[in-house]
Protein chains: 2
Amino acid sequence: MSLGEFDLIAKYFTRTVTRAALGVGDDCALFSTSPGMQLAVSSDMLVEGRHFLPTVAPDRLGHKALAVNLSDLAACGAKPIAFTLALAMPRVDERFLEGFARGLLALADEHECELIGGDTTQGPLNLCITVFGEVPQGAALLRSGAKAGDDLYVSGTLGDARLALEAFRGTVALAGDAFERVRLAMERPQPRVALGLALRGIATSAIDVSDGLLGDLAHVLRRSGLGAEVRADALPRSDVLRAMPEALQRSCTLAGGDDYELVFTAPPAHAAQVAAAAQAAQVSVTRIGNVSAAAGLRLLDRDGRALPNTFGSFDHFKA
Amino acid sequence: MSLGEFDLIAKYFTRTVTRAALGVGDDCALFSTSPGMQLAVSSDMLVEGRHFLPTVAPDRLGHKALAVNLSDLAACGAKPIAFTLALAMPRVDERFLEGFARGLLALADEHECELIGGDTTQGPLNLCITVFGEVPQGAALLRSGAKAGDDLYVSGTLGDARLALEAFRGTVALAGDAFERVRLAMERPQPRVALGLALRGIATSAIDVSDGLLGDLAHVLRRSGLGAEVRADALPRSDVLRAMPEALQRSCTLAGGDDYELVFTAPPAHAAQVAAAAQAAQVSVTRIGNVSAAAGLRLLDRDGRALPNTFGSFDHFKA
């Protein structure tokens, strides 16, 4: 069966848009932000073998491609509006497209984020999504806003996605049930959009953990011109990861990557509001350390003793 | 020399933003549209061997990657504001990056279109740009606006990019000077942004010619529920193309692709305004036919006789 480019777009990706003035099918998509709102934009490109394995189910890939972009909006405290999808595929594969569109659009519907345009072409598999959100003027959570004395928090749990990757690589062995649970963390991450929105006006800075906690936190500290103490044993983790050797737990939580949880800072006086925001967003939040005026990132064990920081961050050109 | 992802971004793509509130280097870029303006968004993905040849100079590739996106804004009559760039490369190639960024940012500066964010990753060479423009509410040029009786126009000349491609493929032979001229059309297309802006309120519909005149015009006619007569011999072409056999001239102008000229419609009463818009935008505009209530696209020769329409459109999954 041979479908041309335009038929493809029509069959899988054309939907009636409600918020946008014009969706898929013209030279541009058109939409407006609400008065007083800034537009927040993020773009992420996913490449096979680097951001996902060839074994991933198409619907999970569709979910993840949008989820990693929504996670960037969450880290800014922006409300999702719309997205564009550019897709290169080696050949027209309808089974892939059907599943991919299903997973993608299910997550889009959940967040009321409309597909408004994009591009399809022949080429090595590559998914590029650009997502649009809106945030009241001046209210975005930035990397640069952390203050000395702020508490340091992380949402959800860390490290499961990396544990799943190591299981796929064969460096750890997991029972079937445990494997399926961490595989879900890797293949169907849940962007913390509701938490990001709830933290506006409460958190002083935020970032999403995509390359590993320490590496991403370092961006916040560099932008804010500050340092931090992180209590390695306070890092939240799943029961599956807790059953692993301590060294593996540490590397997965501190530098695993692909977590899509929010790391954020807030003054101690906002602790109750942070807890309320977490409850409203129905996601757990854990205090993992604090921001300090002294530059550098210090890792501490449960007794407050310094741990050597030998954990690298994930770099798409070094890893 | 080994530069990591973050160093790369900083070295080649971080610039001080003037219009955007926040540029490259946070989770999202932030910017606002002016009051009463709609945002116009377009996304195009370029793949080696399909949208450009491996022989293209990096600065020309940088130019073209943005030009094809600006051309979509032009076709909507939108004024460029900003863009994001997602880039997959097999390896860090600084010579490539330096040239690519130079060509890209020179065109961006020319159109006051800011680079505000994006992504870089390791993978088969792939360039995905999403461009943002603004247009007064309701003023965008759409594909659906053509009216029966409208004149049909095209900007600039058609067919040179395809002639260059055929020369690269070895199916035609061109003298060195002639080759360099058509190669420029293929590798450094000039998006008709000024013309698109000048045509707001004058043209009834517009599209940019990326897949070939007949194929792209068919989108306008389908969306508008109309037909058209096109005078094949009226199609504007360069002296280089005029020196070629007539059959080649016809296939290059009617279905060549990669032209990035604007095809648009306007009522005969607007003819003087169209001419004034073209003059203001410093680009030639040629009347090539007219829109009719009768469905279908009819090709006519210089004596008004029907020509068989055997010209296919470029399809990224069929060509």
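Moving on: the relation of the copies chain A and chain B. Mapping chain A onto chain B calls for a screw motion: a turn of 180 degrees about the axis and a shift of 0.0 Å along it, with 0.0 Å RMSD after fitting. The transformation just described matches what one would write down for a two-fold rotation axis. Both copies contact each other with a shared surface, as 100% of the interface residues of chain A are interface residues in chain B too.

Further remarks concern the sheet that holds strand S4 (residues 114–122) of chain B. Spatial strand order, S1(A)-S2(B)-S5(B)-S3(B)-S4(B): five strands in an open sheet with mixed pairing. Each end of this open sheet is capped by a strand with a single partner; those strands are strand S1 (29–31) of chain A together with S4 of chain B. Strand-to-strand twist across the sheet, computed as the mean angle between neighbouring axes with direction ignored, equals 20 degrees. As paired strands, strand S3 (residues 79–89) of chain B and S4 of chain B are joined by eight bridges and run parallel to one another.

All right, on to the nonpolar core then. Ranked by size, the top nonpolar core spans 178 residues in total, and within it Ala40 of chain A together with Ala40 of chain B carry the most contacts. Setting aside chain neighbours within four positions, we find Ala40 of chain A in contact with Leu73, Cys76, Ala78, Gly133, Glu134, Val135 and Ala140 of chain A together with Cys28 and Leu30 of chain B.

In this section: the interface of chain A and chain B. The partner chain B presents 51 residues to the 51 residues of chain A that form the contact. Residue assignment for the side of chain A that touches chain B shows that the elements contributing at least two residues are S1, strand S2 (37–47), helix H2 (58–76), strand S3 (79–89), strand S4 (114–122), strand S5 (126–136) and strand S7 (205–208) of chain A. Sheet analysis places S2 of chain A next to strand S1 (residues 29–31) of chain B, joined by three bridges and oriented antiparallel. Looking across to S1 of chain B, one finds that Ala40 of chain A is bridged to Leu30 of chain B.

Residues and elements named next belong to chain A. Along its sequence, chain A is organised into domain 1 (5–136) and domain 2 (143–307). On a C-alpha basis, the centres of domain 1 and domain 2 stand 26 Å from each other. Across the boundary between the two partners, domain 1 contributes 18 residues, which contact 18 residues of domain 2. Among the secondary structure elements, those contributing two or more residues to the side of domain 1 that touches domain 2 are H2 and S3. For the side of domain 1 that touches domain 2, the per-class residue count stands at ten nonpolar, four polar and four charged.

Take the confidence of the model for chain A next. Summary statistics for chain A give a mean pLDDT of 90 and a share of 90% for residues scoring 70 or more. As a predicted assembly, this complex carries a pTM of 0.90 together with an ipTM value of 0.87.

With that out of the way, let us pick up helix H2 (residues 58–76) of chain B. Residue and element names in this part refer to chain B. Here H2 spans 28 Å end to end across 19 residues, near enough to the 27 Å set by a 1.5 Å rise per residue. With 18 of its 19 residues buried, H2 lies for the most part within the structure. Among the residues trailing H2, Gly77 stands out with phi positive, at a value near 70 degrees.

Residues and elements named next belong to chain B. Here helix H4 (residues 160–169) crosses helix H5 (residues 176–187) at 115 degrees, and the two axes come no closer than 7 Å. In the packing of H4 onto H5, the handedness of the crossing is left-handed. Only Phe179, Val182, Arg183, Ala185 and Met186 of H5 make contact with H4, whose side of the interface consists of Asp160, Ala161, Leu163, Ala164, Leu165 and Ala167. Grouping the constituent residues of the contact of H4 with H5 by class yields nine nonpolar, no polar and two charged.

Analysis parameters
Residues numbered from 1 in each chain as written. Chains lettered and ligands numbered in written order. Predicted model: local features only at pLDDT ≥ 70, side-chain atom pairs only at ≥ 80, totals over all residues. Least-squares fit on C-alpha atoms with pLDDT ≥ 70 in both. Contact = placed C-beta atoms within 7 Å. Pairing = 2+ DSSP bridges. Helix = DSSP H or I, 4+ residues; strand = E, 2+ residues; numbered from the N terminus. Axes fitted to C-alpha atoms, helices over the stretch in contact; angles between N-to-C directions. Core = buried A, V, L, I, M, F, W, Y, C linked by C-beta atoms within 7 Å. Buried ≥ 20, exposed ≤ 12 C-beta atoms within 10 Å, placed from the backbone. Domains from an automatic or database assignment. Nonpolar A, V, L, I, M, F, W, Y, C, P; charged D, E, K, R; others polar. pLDDT = per-residue confidence, 0-100. Expected span 1.5 Å × (residues − 1). Left-handed = near helix turned anticlockwise from the far one by under 90°.

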